[in-house]
Amino acid sequence: MRFTLNGREISCEGSGARRLLDVLREDLGATGTKEGCGEGECGACSVLIDGQVVDSCLVAVGQVEGRDVVTVEGLALQDGKLSQLQQAFIEYGAAQCGICTPGMLLAAHVLLEQSRRLTADDVREGLAGNLCRCTGYTKIIDAVLSCTK
Amino acid sequence: MVLSSTIGRSVPRREGAAKVTGAARYTDDLVIPGAWYGKTVRSTVPRGRLRSITLDPAFDWSRVVVVTADDIPGDNVVQLIRDDQPVLAPNGGEIRHKEEPILLLAAADRGTLEEASGHIRIEIEPLRPVYALEEATEVFTTLEITKGKVVEDLEDMEVVERTFRVGLQEQLYIEPQGAIAIPEANGAIRIIGSLQCPYYVHRALKRALKLSDQQAIVVQAETGGGFGGKEEYPSIVAVHAALLARKAGRPVRLIYDRHEDLAATTKRHPGVITHRTAVKKDGTLVSQDIEIVLDGGAYCTLTPVVLSRAAIHAAGAYSCPNVRIRARAVATNTPPNGAFRGFGAPQSLFAAELMVEHVAERLGMSSVDLRRKWMLRLGDTTATGQVLNESVGSELVLDAALKAVPTAQPLNRRTARHGRGLSLVFHGSGFTGSGEKKLQGTIGFEALADGTFRILTASTEIGQGTKTIFCQLAADALGVGLDKVILAPQDTSLVPDSGPTVASRTAMIVGRLVQEAAAEVKERLKREKAPLRLEKSYFQPDSIHWDETNYRGDAYPVYAWACTITDVEVDMTTGEVRVTDLVTAVDCGKALHPVMAEGQIEGGCLQAVGWATIEEIKMKDGGYQNDRLATYLIPTALDAPRIRTILVENPYSRGPFGAKGIGELPMDGPAPAIIAAIHDATGIWLDEIPATPEKVLAACASR
Amino acid sequence: MLHAHALRPEPEALLDLWPLNELKGVRCTGDMLEIAAAEPYTGIIASLDVQQHLPALAAAARTIGAAQIQNRGTLGGNLANASPAGDTLPVLLAYDAVVVTDRRSIPIDTFFTGYRKTALQSDELITAVRFPLGRHVAFRKVGTRAAQAISKIVMAVSRRPGSARIAIGSVAELPLRARRAEAALERNDVEGAIAAVAEDIRPIDDVRSTAAYRRAVTQNVLRELLDAFARG
């Protein structure tokens, strides 16, 4: 199978039926993507496939043949600096234990790509597939909205 | 050059960059060459006698390591308070709950593990299980607190009696339980795991595997949430992993998937709380007679301490001359319950707060006015006879919350009704009574030759900000920049036992030690050269008196206070309750890091909202029906209310800069406020949580 | 995908339909709108044609899961899976949709035959869902939380002179048309319809809710949706 991961061409072997989540974490060392439930409920395993946010626990690696996959490791800027969104997450206290953060960042990233005119309700709806147990979501929403300026 | 202090400033989280780039390494992220996978095989029967374990000879068992109770070198006991819970069910022993661990497997890949577990036959002779709290006959522990004498027969009195029920709740840390065990030289075993209390695990390992202090090594990995769920449970995961690693002679990864975590790990103690409150017609509180029954599940775990906290908080944030609190915890054949943020207080405060509402209703008074009349103030005495002689923020937080109420939002639906409710709660910071004294929590502090300073503590970062605020406190005391302060890893071979990361004690008790140690090192550096190292242990002030036998005296060093106002929208067509707004004013003593303090409050409030509304666990045959994330539901961003936090700083003389513990307090206020809000919207009174649409609709219909 | 991961032993081969463009897209002609079987819900929600002609379908799609699920979930998938709780399935029933396969067209009201059972043959492939235009449908889902929730009940109602559709999910072993309630409504007997719907459904107690609640809420929601129709 061949696909692009965070801009790099990847070629991987083995069964195409394996979960993309496992291929990322076990074969490619991209452990930023987390397993919280394995059933598409928590969003901790969120990745981008061709710019759309999906749960990688529900995607067979064969399905990303020829596609662009982006994980949290691909969010930082070219020179390794943190993106505006990543900085906002730190500044606003949007990350506490951090386990939901990779998935949350990717879902928020897509929201911001789609529109810079977001309301708090838009952000809540866009992040509804990413469970957080630490923050109560308040500061996550603040962080995302701060990037719409 | 004097650098300005960062105390009270929301500096970037110490490990924030790692968390937002995916670089932070949680237990299952770690690559351990040669590690096998482990699996726990559990009872499907809620009560019985283990008769036999048969491994199917048709399966090639050479590929698999099997561990049973016979393989335990030390005591087959999960080290905690009582020695009642086995590590693995012994042959002929009694199985007391569904999901009880019976044996362990390890293999090179998960496929082999799955296959192997299908080739095991376990014979359990069933015994009659007890599920309902009301039918329980075995009592773990009882406790009684008395002050004055319960009075109900004076002239001009009203007596209000009510019974409340609170349900199970799962901590639902987004990272499931997991530990990796690595055998090392000289019989040592290293555990790397997702945990809150390295030294709890250390003690459990020593006991079950017969290891010395040096042979047992426990390292906390970056941990994706705990909330108490990783206080004592990780001891089981770690000991299991260690037994497998020891027998396999190689590292073993024991990582739970979400289904196992939901089905088998500890939950909040459910319970029934009954109040009989006697008041004069003018609202004067005369006596409170309270009975608490908590369901501990099959084994004792931390139940006596949970019951203790429940009892101490049971009379609420109020001053009453005559109080009797009788509390007991019983055993049922359900999975053992354990630590969860609040630890008994949310349960008893739920009842206490709603009693204020019911008494106010009986008297035709406003419940806010009644709270003003009753609330504990400076100089008042609690139910255990503790005189509150400082930092009592009860009226401060009530006034602050009332001033900040949101304007009611337009309703979403024609069939919806708006309601508003309020609660006033308090929560003891630190361990109960002589707890801190017994713990003797200790930290190490070093001045290194290169001009940096290192904090050595077993207090863990689990998202609440331990690492950040400890560095702030040290840097401030030393007068250096934050970048000069580092922390040693939370590794028992490197750091002393600072006590567990629980009980709202980390900032107030351990943070204070960090502050004192840093100040002492600064002094010594005036006369000596680095490297320097010292240790600081908790020292109980003479002014704290606690009588453990009679449960009287200074239950906690100090209390934190919160007033919470919630707005709800109840859809009369479906009974659905939406919490739309939540305002909470919290007396935290001092906010060392305002954003992190708010973060704790906001997160805790939403957990309480979930407990009060949608986090329902239905039992069937002694097991949880809600054992997947599709059926155990916590609030999403779309469910969460707008939450606004008002930090009130009312300093405590012994906290660092006046800081009090607030980790658990946010769990106490929202649930009763939501029930009061539902009443405000619909006229119905619910006596139990979660306030599901089924209950709301039925109550509205019968009105 | 969830089921595939759980399959032991692993299947010999998995056929991924996702890349087939023939199974993507929304096409609108004068009197008919066709949604290809593998068009993700995100596309359905964003389609101006769907928003204009089938707004209840867009509304239902928005209640499915959350962004991650909507980006991968499809009508074809939900039809083949035939869960009694499928959020869009009652909407398809209310719109009189037609399931188009590689060999025939199956009217939606004969498509579901039992618990997770359909009229499809074992090698038959759903290629599209076709909607006649002109029906107004009202929709409501009642779930435990606002997103990522399997419904307690989910209802779609359509009413025009002489023709009523009352379709409900999570109240039987398949998505159901409440025939007696529909007949009452066609006779303009609204109260009769609300009473009859309680007989049409066969809800159970399960981990999410109770039969009694489902019955009561079915009636309440039907009343609410019919009131909305009456107000125009």
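Analysis parameters
Residues numbered from 1 in each chain as written. Chains lettered and ligands numbered in written order. Predicted model: local features only at pLDDT ≥ 70, side-chain atom pairs only at ≥ 80, totals over all residues. Heavy atoms only, no water. Helix = DSSP H or I, 4+ residues; strand = E, 2+ residues; numbered from the N terminus. Rg over C-alpha atoms; globule rule 2.2 N^0.38 Å. Buried < 20%, exposed > 50% of the residue type's maximum accessible area, 1.4 Å probe, protein only. Areas by Shrake-Rupley, 256 points an atom, 1.4 Å probe, with all protein chains shown as cover. Lys, Arg positive; Asp, Glu negative; His and termini not counted. Charge placed at Lys NZ, Arg CZ, Asp CG, Glu CD. Axes fitted to C-alpha atoms, helices over the stretch in contact; angles between N-to-C directions. Parallel < 35°, antiparallel > 145°, perpendicular 65-115°, else oblique. Contact = heavy atoms within 4.5 Å. Nonpolar A, V, L, I, M, F, W, Y, C, P; charged D, E, K, R; others polar. Pairing = 2+ DSSP bridges. Domains from an automatic or database assignment. Buried area = accessible area lost by both parts, 1.4 Å probe. Polar contact = N/O pair within 3.5 Å; in protein donor to acceptor, adjacent residues only side chain to side chain. Phe/Tyr/Trp six-rings, centres within 6.5 Å; stacked < 30°, edge-to-face > 60°. Salt bridge = Lys/Arg side-chain N within 4 Å of Asp/Glu carboxyl O.

**Q** Would you mind showing me how to read the overall build of chain C here?
**A** Secondary structure summary: chain C contains 10 helices and 11 strands in total. Radius of gyration (C-alpha) of chain C: 17 Å, near the 17 Å computed for a compact globule of 232 residues. Each of the three principal axes of chain C carries a C-alpha extent, and together these read 55 × 45 × 30 Å. For chain C, the residues scored as buried account for 56% of the 232 residues in total. Counting only carbon and sulfur atoms, one obtains 53% of the accessible surface of chain C, whose full area is about 9900 Å². Once the 28 positive and 25 negative side-chain charges of chain C are each reduced to a mean point, those two points are 4 Å apart.

**Q** Would you mind showing me how to read the packing of helix 8 (residues 179–186) of chain C against helix 9 (residues 190–200) of chain C here?
**A** Residue and element names in this part refer to chain C. In the contact formed by helix 8 and helix 9, the axes pass within 7 Å of each other and the chain directions differ by 170 degrees. Classified by the angle between their axes, helix 8 and helix 9 sit roughly antiparallel to one another. Packed against helix 8, whose contacting residues are Arg 179, Arg 180, Ala 181, Ala 184 and Leu 185, the element helix 9 presents Val 190, Gly 192, Ala 193, Ala 196, Val 197, Glu 199 and Asp 200 at the interface. Considered class by class, the residues forming the contact of helix 8 with helix 9 number seven nonpolar, one polar and four charged.

**Q** Just checking my understanding: could you explain the sheet that holds strand 20 (residues 532–537) of chain B for this structure?
**A** Within a beta sheet, neighbouring strands are joined by backbone hydrogen bonds and run either parallel or antiparallel to one another. All names here are of chain B. What the four strands build is an open sheet, ordered 19-18-17-20; its pairing is mixed. Two strands in the sheet have a free side with no partner beyond their single neighbour: strand 19 (485–487) and strand 20. When the angles between neighbouring strand axes are averaged without regard to direction, this sheet yields 20 degrees. Running over the sheet, helix 11 (residues 466–478) touches strand 17 (442–447), strand 18 (453–456) and strand 19 and is turned about 140 degrees from strand 19. The sheet strands contacting helix 12 (residues 506–524) are strand 17, strand 18 and strand 20, and the helix crosses strand 20 at an angle near 145 degrees.

**Q** I tried to follow the domain arrangement of chain A on my own but got confused; where do I start?
**A** Many analyses report the size of an interface as the accessible area lost when the parts associate. All names here are of chain A. Taken as a whole, chain A is organised into domain 1 (2–73) and domain 2 (84–146). If you average the C-alpha positions of domain 1 and of domain 2, the two centres end up 21 Å apart. Taken residue by residue, the interface counts 14 residues in domain 1 and 12 residues in domain 2. Around 930 Å² of area is buried between domain 1 and domain 2 when both sides are counted, 70% of it from carbon and sulfur atoms. The tally of links between domain 1 and domain 2 comes to four residue pairs in polar contact (both at pLDDT 80 or more). Here the element with the most residues in the side of domain 1 that touches domain 2 is strand 3 (residues 46–49); it accounts for three residues. When grouped by side-chain class, the residues that make up the side of domain 1 that touches domain 2 number seven nonpolar, five polar and two charged.

**Q** It is not clear to me how the packing of aromatic side chains should be interpreted in this structure. Could you clarify?
**A** Aromatic ring pairs are reported here in terms of the distance separating the ring centres and the angle at which the planes meet. Residues and elements named next belong to chain B. The full count for this structure, using the stated rule, is 10 aromatic pairs over all chains. Their ring planes at 75 degrees and their centres at 6.0 Å tell us that Tyr 233 and Tyr 256 sit as a pair that is edge-to-face. Residue Tyr 233 is found in helix 4 (residues 233–248), and its partner Tyr 256 is found in the loop between strand 12 (252–255) and helix 5 (258–264); the two are separated by 23 residues along the sequence. Just as Tyr 233 is buried, Tyr 256 falls in that class too. A ring pair is formed by Phe 426 and Trp 561, whose centres lie 5.4 Å apart and whose planes are at 35 degrees; its orientation type is tilted.

**Q** Explanation requested: the interface of chain C and chain B in the structure shown.
**A** Each partner contributes to the interface: chain C provides 23 residues, whereas chain B provides 24 residues. Interface of chain C and chain B: buried area, both sides summed, is about 1900 Å²; carbon and sulfur atoms make up 54% of it. For the chain C face of the interface with chain B, the top three residues by lost area are C:Arg140, C:Arg145 and C:Val207, together amounting to 33%. Summed over the shared surface of chain C and chain B, the result is four salt bridges. For the salt bridge of B:Asp571 with C:Arg140, the shortest nitrogen-to-oxygen distance reads 2.7 Å. If you look at where chain C meets chain B, you find 11 residue pairs in polar contact (both at pLDDT 80 or more). With seven residues, the single largest contributor to the side of chain C that touches chain B is helix 10 (residues 211–231) of chain C. For the side of chain C that touches chain B, the per-class residue count stands at nine nonpolar, six polar and eight charged.

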